[in-house]
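What the coordinates show
Chain by chain, the residues run as shown.
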Amino acid sequence: MIYWNADLAAKISCSRQEMETLLPYIDHLVDVSRTLHQTGIQPSADQFSSEKDIFFRYGLLLVSEGLAGDILEEILAVLLYVSEEKGIAFLRQCVAAEAILSIANGDDQDTLLRKLLPYCGVDRALAALAKGKTEHAD
Amino acid sequence: MLIERLGHMYALWGPSGKAPERNPRIDQTIQSVRRFIAAIQETSEDRKALFTQSQQSRRKAMKLAYLLLASESDAAAIRDAFLSSGLLSSGQRASKLDALIWLAGTEAASRGIHPYTIFLIMTAFFGPAAAETELRWLQEKAKATIPTLEEFIVPGDLTDTIEEALKEPARLQRTIRIAGMPLSASAFAGCSLYYIEKILVLIGPIGASILAEMIHSARQRLMSDEISTAQQAFLDLFAQEEGETEAPENQRIKGLEAFEEEEVFADPDLIRSTTKIVMLAEAKVLKATLSSMSDNEIASILRCMEAIAHERLLSLISPGRQKHVLTVIQKTGNTTNSRMLRDAQLFAQKLLASYAPKNLKPGESLSIPEEVRALISSLLSRE
């Protein structure tokens, strides 16, 4: 069960318009995930140096060290707990953390989207998933 | 679930307060964390050494951490001790985060987590920028401390297929992460040094160092059978991580169909002889023979026998290897009678070698069933 807390709720709260801006970011996360799924991680190269999002970059470095599952979730939860970000910036970090866990777990693109889209709000997630389903059916 | 865990942390500890910026006090804490993991590595289960560390520590949270580890407290007792110490109370906001760092580290150590991973958990409290700097430091330290392993091979399904698996590094990386370090290490414990070195470069230096340490430990703790079981479990996960969308069973059917269609070109007498050999030979000898053959060789020999023998041979190899063999068959074109004869004779030779005990004395005959012996002789004398 989720222990909702007023401080966490205030930290994560943002407007519907702000949530809309998550979609391009989710696209970026899905692109990175797809590339890593196909090519793998080259631990010897500085593969993630071009990733400007420091939270996401650090998460990918942890994945490259073979971390996944409970331990990775524990570290990401600590990073979110101490995060100074608020509102949409904090929500982006939550989405990034979810994507990192999903990449470590080897989830396919469809599963990743199902995990990330709900962060845009239920209506937006349903619309995006339905659109994806229609495109798939075509 | 991530949000559930985060919500639980907020419910337990309240908001974290302002994240620490890099300052002399934080640098001092980071140095203490570095010493903490070094102490855990060096003292291991030496309680007296941990007590000494506790006595030498000046800060309360650190002192408590060493003391709790020395007294072999479990995770729940550690949480209770930190709570009742007052270090986590809201009145002491400045030191709250510091206390949480030591609580997390001590708790992780009590769970038997590797010191390098404990370090990553503890440094996460400094935020991603500082944590990344510390990860780079740990990477350099880990590079210098990867343990040297000795050659040790346990025949098993993974030992046979690791070369093929290494051709798909992305899939192998995913499998290692999903299997986790302990299972991966137990499975790789039976692989040759040559392959272990190739596996270790698939992971960053911290992960590689942890994995190498665990392989070393697994080789000391586990019996051959246990390593074989771990290999099978790892291979099952590897098979599940199939990148292609086609269902494994479809692949299996397609593969079988591919070579069953080609049987029309084969010499019926050769097919009959090879089939009989496979059906009559003992399972353990066949298994040993298959272990000494590559996927390509197994795919080739499957073309030289009837379907009933396919089932027997395929049942003696792992599901992951079955899939590889069937993929090879699908990709291979028609064969010729002379090629089939060569493949069948190579198989017969390998089967003979498997029947021969290592300590066979000159003049001593092999204990092969009479009918199998006659069939092998007949097959090897064919031109």
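Note that this is a predicted model, so its numbers are computed, not measured. (Residues numbered from 1 in each chain as written. Chains lettered and ligands numbered in written order. Predicted model: local features only at pLDDT ≥ 70, side-chain atom pairs only at ≥ 80, totals over all residues. Heavy atoms only, no water.)

1. Notes on the overall build of chain A
To be explicit about the condition: Strands are runs of DSSP state E lasting at least two residues, helices are runs of H or I lasting at least four, and both sets are numbered from the N terminus onward. Residue exposure (1.4 Å probe, protein chains only): buried if accessible area is under 20% of the type maximum, exposed if over 50%, otherwise partly exposed. We call two residues in contact whenever any of their non-hydrogen atoms come within 4.5 Å of each other. In short, Shrake-Rupley with a 1.4 Å probe defines the accessible areas, and a residue's cover is counted only from the protein chains shown.
The number of helices and strands found in chain A is eight helices and zero strands. Order of helices (α) and strands (β) in chain A, N terminus to C terminus: α-α-α-α-α-α-α-α. In chain A, which comprises 138 residues, the share counted as buried stands at 51%. Sequence separation of 24 or more characterises 67% of the internal contacts of chain A that already satisfy a separation of 6 or more. Carbon and sulfur atoms make up 53% of the accessible area of chain A, which amounts to about 6700 Å² in all.

2. Looking at the overall build of chain B
Of the regular secondary structure elements, chain B holds 22 helices and zero strands. Expressed as a percentage of the 383 residues in chain B, the buried residues total 53%. Look at the contacts in chain B between residues 6 or more apart in sequence, and 79% of them connect residues 24 or more apart. Of the roughly 18100 Å² of accessible surface on chain B, 53% is carried by carbon and sulfur atoms.

3. Thoughts on the interface of chain B and chain A
Keep this limit in mind: The term buried area denotes the loss of accessible surface (1.4 Å probe radius) that occurs when two parts are joined, taken as the sum for both partners. Salt bridges are counted wherever a side-chain nitrogen of Lys or Arg sits within 4 Å of a carboxyl oxygen of Asp or Glu.
Facing the 50 residues of chain B at the interface are 52 residues of chain A. Between chain B and chain A, roughly 4400 Å² of surface is buried when both sides are summed, and carbon and sulfur atoms account for 64% of that area. Broken down residue by residue, the surface that chain B buries against chain A is led by Leu-2, Tyr-10 and Arg-177 of chain B, which jointly contribute 18%. Counting across the chain B and chain A interface gives five salt bridges. Between Glu-73 of chain A and Arg-5 of chain B there is a salt bridge, with the nearest N and O atoms lying 2.9 Å from each other. By residue number, the principal contributor to the side of chain B that touches chain A is helix H1 (residues 2-13) of chain B, which donates 11 residues.

4. A closer look at helix H9 (residues 157-165) of chain B
Side chains three or four residues apart in an α-helix point the same way, a direct result of the helix having 3.6 residues per turn. When H9 of chain B is considered as a whole, its buried residues turn out to be Asp-157, Leu-158, Thr-159, Thr-161, Ile-162 and Ala-165 of chain B. Next to the buried residues of H9 of chain B lie helix H10 (169-179), helix H11 (181-188), helix H12 (193-200), helix H14 (224-240) and helix H20 (319-331) of chain B.

5. A short note on the packing of aromatic side chains
Residues and elements named next belong to chain B. Rules: Paired rings are identified among Phe, Tyr and Trp, the last through its six-membered ring, by centres lying within 6.5 Å, and are further divided according to the angle between planes into stacked (under 30 degrees), edge-to-face (over 60) and tilted (the rest). Charge over a ring is defined by NZ of Lys or CZ of Arg lying within 6 Å of the ring centre and within 35 degrees of the ring normal.
Counting across every chain of the model gives six aromatic pairs over all chains. Plain terms: the ring middles of Phe-36 and Tyr-66 are 5.4 Å apart, the flat faces sit at 70° to each other, and that makes the pair edge-to-face. Residue Phe-36 is located in helix H2 (residues 24-43), and its partner Tyr-66 is located in helix H4 (residues 60-70); the two are separated by 30 residues in the primary sequence. In terms of burial, Phe-36 and Tyr-66 fall into one category: buried. Where Tyr-194 meets Tyr-195, the ring centres are 5.0 Å apart and the plane angle is 75°; that geometry is what we call edge-to-face. With relative accessibility at 15%, the residue Tyr-195 sits in the buried group. Feature note: the residues Phe-36, Tyr-66 and Trp-102 constitute an aromatic cluster, connected by ring pairs. Seen from the ring of Trp-137, Arg-34 lies directly overhead, with NZ or CZ sitting 4.0 Å from the centre. Sitting over the face of the ring of Phe-238, Arg-171 holds its NZ or CZ atom 3.9 Å from the ring centroid.

6. Brief notes about the environment of Asp-98 of chain B
Residues and elements named next belong to chain B. Position of Asp-98 relative to the elements: it lies in helix H6 (residues 93-110). It is 9.9 Å that separates the C-alpha atoms of Asp-98 and Arg-59, two residues lying 39 residues apart in sequence. Contact partners of Asp-98, with chain neighbours within four places excluded, come to Arg-25, Thr-29, Arg-59 and Ala-61.

7. Side note on the state of the cysteines
Defined as follows: Disulfides are defined as pairs of cysteine sulfur atoms found within 2.5 Å of each other.
One pass over the full model with this rule turns up zero disulfides over all chains. The thiol of Cys-14 of chain A is unpaired, and the distance to the nearest cysteine sulfur, on Cys-120 of chain A, comes to 9.7 Å.

8. Describing H14 of chain B
All names here are of chain B. To be explicit about the condition: Here, expected helix span is obtained from the residue count minus one, scaled by 1.5 Å.
Taking 1.5 Å per residue, 17 residues should reach 24 Å; H14 reaches 24 Å between its end C-alpha atoms and fits that length. Within the sequence span of H14, burial applies to Ile-227, Ala-230, Gln-231, Phe-234, Leu-235, Phe-238 and Ala-239. Buried residues in H14 make contact with H9, H10, H11 and H20.

9. Things to note about the pattern of salt bridges
Scanning the entire structure with this criterion turns up 17 salt bridges over all chains. Here Asp-107 of chain A ties to Lys-115 of chain A by a salt bridge, and the two come within 2.6 Å at their closest N and O atoms.

10. A look at unusual backbone geometry
All names here are of chain B. Despite not being glycine, Glu-72 has its phi angle at roughly 55°, a positive value. Structurally, Glu-72 is set in the loop between H4 and helix H5 (75-84). Here Glu-72 falls in the exposed class, since its relative accessible area comes to 55%.

11. A look at the packing of H12 of chain B against helix H13 (residues 205-221) of chain B
All names here are of chain B. Short version of the rule: As a rule, the C-alpha atoms of each element are fitted with a line to give its axis, helices using only the stretch in contact, and angles between N-to-C directions run from 0 to 180 degrees. In what follows, roughly perpendicular refers to angles from 65 to 115 degrees, roughly parallel to angles under 35, roughly antiparallel to angles over 145, and oblique to any angle outside these ranges. Each residue is assigned to one class: nonpolar for Ala, Val, Leu, Ile, Met, Phe, Trp, Tyr, Cys and Pro, charged for Asp, Glu, Lys and Arg, and polar for all the others, Gly among them.
One way to put it is that H12 packs onto H13 with a least axis distance of 10 Å and a crossing angle of 150°. One finds that H12 runs roughly antiparallel with respect to H13. Residue-level inspection shows Ile-196, Ile-199 and Leu-200 of H12 in contact with H13, the latter providing Ala-208, Leu-211, Ala-212, Ile-215 and Arg-219. The residue inventory of the contact of H12 with H13, partitioned by class, reads seven nonpolar, no polar and one charged.

12. Regarding the environment of Ser-89 of chain B
Residues and elements named next belong to chain B. Positionally, Ser-89 belongs in the loop between H5 and H6. Residue classification places Ser-89 among the partly exposed residues on the basis of a relative accessible area of 35%. Here the alpha-carbon distance between Ser-89 and Gly-14, two residues 75 residues apart in the chain, equals 9.9 Å.

13. Digging into the nonpolar core
Selection criterion: Throughout this description, the term nonpolar core refers to a set of buried Ala, Val, Leu, Ile, Met, Phe, Trp, Tyr and Cys residues connected via side-chain atoms within 4.5 Å.
Phe-56 of chain A together with Phe-82 and Phe-188 of chain B are the most contacted members of the largest nonpolar core, which totals 135 residues. Among the elements that line this core, the one with the most residues is helix H6 (residues 88-104) of chain A, at 12 residues. Judged by nonpolar contacts, the second largest core, of 36 residues, contains Ile-271, Leu-302, Met-305 and Leu-379 of chain B.

14. Describing the confidence of the model for chain B
All names here are of chain B. For the record, the criterion: How sure the predictor is of each residue is captured by pLDDT, a score from 0 to 100.
When pLDDT is averaged across chain B, the result is 82; 87% of the residues are at 70 or more. Looking across chain B, the model is least confident in helix H15 (residues 248-262), with a mean pLDDT of 45, and most confident in helix H7 (residues 115-123), with 96. Counted against residues more than four places away or in other chains, residues 244-249, with its pLDDT under 50, gives four contacts.

15. Some remarks on the packing of helix H5 (residues 69-81) of chain A against H7 of chain B
The interhelical angle for the contact between H5 of chain A and H7 of chain B, taken along N-to-C directions, is 25°, at an axis separation of 8 Å. Relative to H7 of chain B, the element H5 of chain A lies roughly parallel. Residues Ile-71, Glu-74, Ile-75 and Val-78 of chain A of H5 of chain A touch H7 of chain B, and the partners they reach there are Thr-117, Leu-120 and Ile-121 of chain B. Of the residues in the contact of H5 of chain A with H7 of chain B, the class split is five nonpolar, one polar and one charged.

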